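# Observations on the model geometry
Single-letter residue listing:
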Amino acid sequence: EMLGKVYESLISSEERGDAGIFYTPRVEIDFMCRISLVEYVHQKTSFPKDEIIDLIFNPESILHLSNPTKLGTIKANLDKIKIVDPAVGSASFLVGMMNILVEIHTLLDQKLNKKEENLFALKQKIILENLYGVDVKDWAVMVGELRLWLSLIVETDEKYMDIYTKPLLPNLSFKIRQGDSLVEEIAGVNISLKGEAFTSLPNSIKDKIHALIDRKSAFFSSQRSADLKEAKEIELLEQEIFKEIIKSKIEELQTKIQQKQNQISFLQKQNKEDLFGNDISFTNEIEDVQKEITAYQKELSKYENIFSTIGSKTEKDYFLWEIDFAEVFALKGGFDIVIGNPPYIRQELIAPPTEKEKNYSEDEWRKLKKQYKEKLITAVKTSWPQIKKINKKSDLYIYFYYQGLSLLNKSGFLCFINLNSWLDVDYGSGLQEFLLKYMKPFYIIDNIAKRSFKQADVNTVIVLIQRPEEKPNDYPIKFIVFKKPFDEVINPSTIKRIS
């Protein structure tokens, strides 16, 4: 909690407002983590939701349950969960999730008569296997890593480990990564590898991804001091996987172009006269095919440019979700839970997050802001081709919705706390339509008794949305207003009433 306050204080109050950085209170974090876990476990197991609510919101109830098979199923699904905060900041949501999972696993092991893991090992396992984060600020990544490390170091015990001769700082480089969560590009070219790019990978690439997972696991759990050579080798393996994926995409496009060219040759040979002397022309068809070839060639040029750029610099200067977290997208198709508090940045202040206005003239800064906003819009359309238009007056958190939902696997859940303005302003109508058509919003939760962010002077809502396996039909959305502070109402009985 203290580190969250330190995180906020690292920049001036004016800059903090411009960057939209506000520390989320612990009560809201706990509530969001638990309602997300309830829906995840319910979706995976189909067990009665009331039972799951008891288990998640009052873990002590586990000790009174008698079905070991059911408890074992719940534990197995919690072991496999993948959770990410795309604006991780001081890692408060990751720490919140870790604490809840530690509490539940400890009681499940006790009830199932399993050998109880010491808290250091259990926390380390959860950080390694379940938690991920991204932030565009390098100092935020460092604060997040420090916070996770401190949560581990308090569990050290001479009984379990030699704390005097072996350093305990785990290598978190590949758990919380620095990068722009919203814009995926390399060499100035927008790129997204979601969807088929990962579900239809050749076995040779999948084998390398499995090797990458093993290397990352060993690197994280290593009880020696950080090995920079090993970290570099892991980055090179990521780079190698990326190059192979791009190469396979190039070969696929080259094949498509050749097929279309063969089609044109065939159509050209069909141009002739019929028995009555009338011309049979396929000119229109040929033109249509030629347009397809042009589109493929444009895409091919983009991927060839990317391929030639990979590895050309001494330092990795790009962040791609599907490469930096290849193990999640290749093996699960995305995250089970995306959770967080996206930055509160008004549309007129949206700018490249790693640039400073003072380094540019007024005209240059205006141009940079315009270019970055276009990149945000392009990224949304790349992830969701069904979206034809984005209102340019959208605040930054709107883009986090689209990107966050694209990071989920089919049936995954997104839980955000953010401004409520998207519910009643013009730029929010596009997001509302998208959610109603293609997603499955569960809850929109307000609290009129106590603001979550007094210092931000804004009204917020907590939102829980599922990315369904298929386009949903009719379904209920629950709008919930609490008239008491969250810390007075977060209990199993209340949650059962709203679920």
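Residues numbered from 1 in each chain as written. Predicted model: local features only at pLDDT ≥ 70, side-chain atom pairs only at ≥ 80, totals over all residues. Heavy atoms only, no water.

## A few points about the packing of helix H7 (residues 119-130) against helix H8 (residues 138-153)
As a reminder, the rule being used: What counts as an axis is a line fitted to C-alpha atoms, over the stretch in contact for a helix, and the angles between N-to-C directions run from 0 to 180 degrees. We count a stretch as a helix when DSSP gives it H or I for four or more residues in a row; a strand needs E for two or more, and each element gets its number in order from the N terminus. Relative orientations are named as follows: roughly parallel for angles under 35 degrees, roughly antiparallel for angles over 145 degrees, roughly perpendicular for angles from 65 to 115 degrees, and oblique for any other angle. Residue contacts are counted whenever heavy atoms from the two residues lie within 4.5 Å of one another. Here the nonpolar group is Ala, Val, Leu, Ile, Met, Phe, Trp, Tyr, Cys and Pro; Asp, Glu, Lys and Arg are the charged ones; every other residue, Gly included, is treated as polar.
Closest axis-to-axis distance for the H7/H8 pair is 9 Å, and the angle between their directions is 155°. Taken together, the axis directions place H7 and H8 in an arrangement best described as roughly antiparallel. Seen from H7, the contacting residues are Phe120, Lys123, Gln124 and Ile127; seen from H8, they are Leu148, Ser151 and Leu152. Among the residues making up the contact of H7 with H8, the classes are represented as four nonpolar, two polar and one charged.

## What about the sheet that holds strand E10 (residues 440-447)?
Inclusion rule: DSSP calls a pair of strands paired once it identifies at least 2 bridges connecting them.
Judged by pairing direction, the sheet is mixed, and its eight strands sit side by side in the order E3-E2-E1-E8-E9-E11-E10-E12 without closing on themselves. Of all the strands in the sheet, the pair left with one neighbour each is strand E3 (176-178) and strand E12 (478-482). The average angle at which neighbouring strand axes cross in this sheet is 15°, direction not considered. Here E10 pairs with E12 via five bridges, running parallel. Within the sheet, the bridge partner assigned to Ile444 lies in E12 and is Phe479. Its contacts with the sheet put H7 on strand E1 (83-85) and strand E2 (131-135), and the angle it makes with E2 is roughly 60°.

## Focus on helix H3 (residues 26-45)
We apply this condition: Any helix carries an expected span of 1.5 Å times its number of residues minus one. Each residue is placed in one exposure class: buried if its accessible area under a 1.4 Å probe, protein chains only, is under 20% of its type's maximum, exposed if it is over 50%, and partly exposed if it falls in between.
In this model, H3 (20 residues) spans 28 Å end to end at C-alpha, consistent with the 28 Å of a helix rising 1.5 Å per residue. Of all 20 residues that make up H3, 14 are buried, and the element is covered over most of its length. In the stretch just after H3, Ser46 is the one whose phi turns positive, near 60°.

That's the geometry; what it means functionally is another story.
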